Amino acid sequence: MPSPGLKLKLISATLITIGAIAATVHFPWVFTSRRNIRQVVGELHQQSFLSAQHDVAEVLDNTTAVQHMIDSSLKSGLVNLDSPAAQSQLYLNLLSGYDSIAAIKIGFANGDFLGVQRLSNDRYRVERYQWDGTLGEQGAPNSDLANRQTQRRQQAAVFEAAQTWPEAERPTHITQTVVFNNADNTWQVISETEDQGILYAPLQPDYKAAIASPNQSVWTQVYALESQLSIDSAIAYGGGDTPQAVISVTLSLQRISDYLAKLRKPEEGLLFILDAQDRLVASSDPDLAVTLPGASSEADLVALPAIDQARLQTAHQALQANNVILQDLTGLQEFSRSYMVTWQRFFIVVCP
């Protein structure tokens, strides 16, 4: 077989040389480029983390700060514990000043309840369940009122088990819709209804949680409030073994998602918060808003593996592939993973 001509040898040598030079230049460039991209992405993530941590910490701090303001207002006599009108106005003023707070509630040992809830930016609901003549009134030992309240506690135990309560022994239930009148800087009641409902404050989860941990604020389990997942910070009011009441401040998890959405636009990626059980608490994606359909009070956070969303599934797979256990996480970790459907590569950073 004739040997290749000089021209072909020169062409081959040139192609191989060009290929080698290209490889020599290309692969280090790709490595350097990816390393630089990873570094830039990591820095952007760190900035987002710092902003998210600051904003979420501020939301949580505001929640407990409002709680302590109420506590000090009652203890100083600025607002009387047995005055629903004065308390309602205080709670309305606090709600209007802190947009991260969804509701403020106070439950009394005698079963009474007073709560103010944000319905929209300018509309609020004031709700009161009152069993006795004076809000939160406690009967003197061996008095008729004390005997009635003892029977009420016994009936509450029956109600908790069987969900039955005698018609003749129900509290007065008053509901008001309130708006702020800018003309004279006062709160205006635009509607009011009165009926007999069933609510006994010591049976409420926030009341039980606070009584079980005296002298400290506690966070309750997640529950549904107006179809939005919410959580309460609760604290017992009044010293001794039998506190007079429990003060609760409600935080809507949707508010945290709203804060994250300001930090990260959808085209820039996804910023989200998980708890130690890999459940979604909040997300910067409005399509992943933490809400529930209907008016069910049953609620729970959704686990990451159960959420059908490409970016979250990719993040879940990355966490598994890298053996990341969130509750053991102590510092920032970075990794990347391809989404096989679109062959996009995602940079994923996690931080406690």
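Residues numbered from 1 in each chain as written. Predicted model: local features only at pLDDT ≥ 70, side-chain atom pairs only at ≥ 80, totals over all residues. Heavy atoms only, no water.

Caption draft 1: Spatial organisation of the packing of aromatic side chains. This structure, assessed with the given rule, holds 7 aromatic pairs. Look at tyrosine 124 and tryptophan 187: their rings are 5.4 Å apart centre to centre, the planes differ by 90 degrees, and that puts the pair in the edge-to-face class. Placement of tyrosine 124 in strand E3 (residues 123-130) and of tryptophan 187 in strand E5 (residues 186-196) is noted, with a sequence separation of 63 residues between them. Taking the relative accessible area as the measure of exposure, tryptophan 187 reaches 18% and is therefore buried. Measuring from ring centre to ring centre gives 6.1 Å for tryptophan 165 and tyrosine 200, while their planes differ by 35 degrees; the resulting arrangement is tilted. Here the residue tryptophan 165 occupies a position in the loop between helix H3 (144-162) and strand E4 (172-181), and tyrosine 200 occupies one in the loop between E5 and helix H4 (205-212), the gap between them amounting to 35 residues. Overall, tryptophan 165 belongs to the buried group, its relative accessible area being 6%. Each member of the aromatic cluster is reached from another via a ring pair, and the members are Trp131, Phe159, Trp165 and Tyr200. Positioned over the ring face of tyrosine 259 is lysine 262, at 5.3 Å from the centre of the ring. (Phe/Tyr/Trp six-rings, centres within 6.5 Å; stacked < 30°, edge-to-face > 60°. Helix = DSSP H or I, 4+ residues; strand = E, 2+ residues; numbered from the N terminus. Buried < 20%, exposed > 50% of the residue type's maximum accessible area, 1.4 Å probe, protein only. Lys NZ or Arg CZ within 6 Å of the ring centre and 35° of its normal.)

Caption draft 2: Region of interest: the nonpolar core. One finds Ile70, Leu74, Tyr91, Ile104 and Ile106 to be the most contacted residues of the largest nonpolar core, which totals 26 residues. Elements supplying a minimum of two residues to this core: helix H1 (6-75), helix H2 (84-97), strand E1 (101-108), strand E2 (113-118), E3, strand E8 (228-237) and strand E9 (245-252). Ranked by residue count, the leading element in this core is H2, at 5 residues. Setting aside residues no more than four positions away along its own chain, isoleucine 104 makes contact with Val66, Ile70, Tyr91, Leu94, Leu95, Leu114, Gly115, Val116 and Ser248. (Core = buried A, V, L, I, M, F, W, Y, C linked by side-chain atoms within 4.5 Å. Contact = heavy atoms within 4.5 Å.)

Caption draft 3: Highlighting empty space enclosed by the protein. This model, assessed by the stated rule, comprises 1 cavity of 30 Å³ or more. Estimated volume of the largest cavity: approximately 40 Å³. Taken together, Lys105, Ile106, Gly107, Phe113, Ala201, Gln204, Asp206, Tyr207 and Val246 form the lining of the largest cavity. At the level of elements, E1 and H4 are the ones that each hand at least two residues to the lining of the largest cavity. By residue number, the principal contributor to the lining of the largest cavity is E1, which donates 3 residues. (1 Å grid on protein atoms, 1.4 Å probe; cavity = no way out; pocket = protein on both sides within 12 Å on 5 of 7 lines; lining within 4 Å. Points joined across faces, edges and corners; volume = space filled by probe spheres on them.)

Caption draft 4: Structural context of the pairing of E1. Most of E1 is tucked away: 8 of the 8 residues are buried. Inspection of the sheet shows E1 paired to E2 by 5 bridges, in the antiparallel sense. By the bridge assignment, isoleucine 104 is partnered in E2 with valine 116. Hairpin connection between E1 and E2: a loop of 4 residues separates the two successive antiparallel strands, and glycine 111 in this loop has a positive phi of roughly 110 degrees. (Pairing = 2+ DSSP bridges.)

Caption draft 5: Representation of the pattern of salt bridges. Overall, the coordinates contain 6 salt bridges when judged by the stated rule. Between lysine 105 and aspartate 206 there is a salt bridge, with its nearest N and O atoms 3.8 Å apart. Taken together, the residues lysine 105 in strand E1 and aspartate 206 in helix H4 connect sequence positions 101 residues apart. Accessibility expressed as a relative area gives 9% for aspartate 206, which makes it buried. Residues joined by salt bridges that share partners form a network here, namely Lys105, Asp206 and Asp232. (Salt bridge = Lys/Arg side-chain N within 4 Å of Asp/Glu carboxyl O.)

Don't take any of this as a statement about function, it's just geometry.
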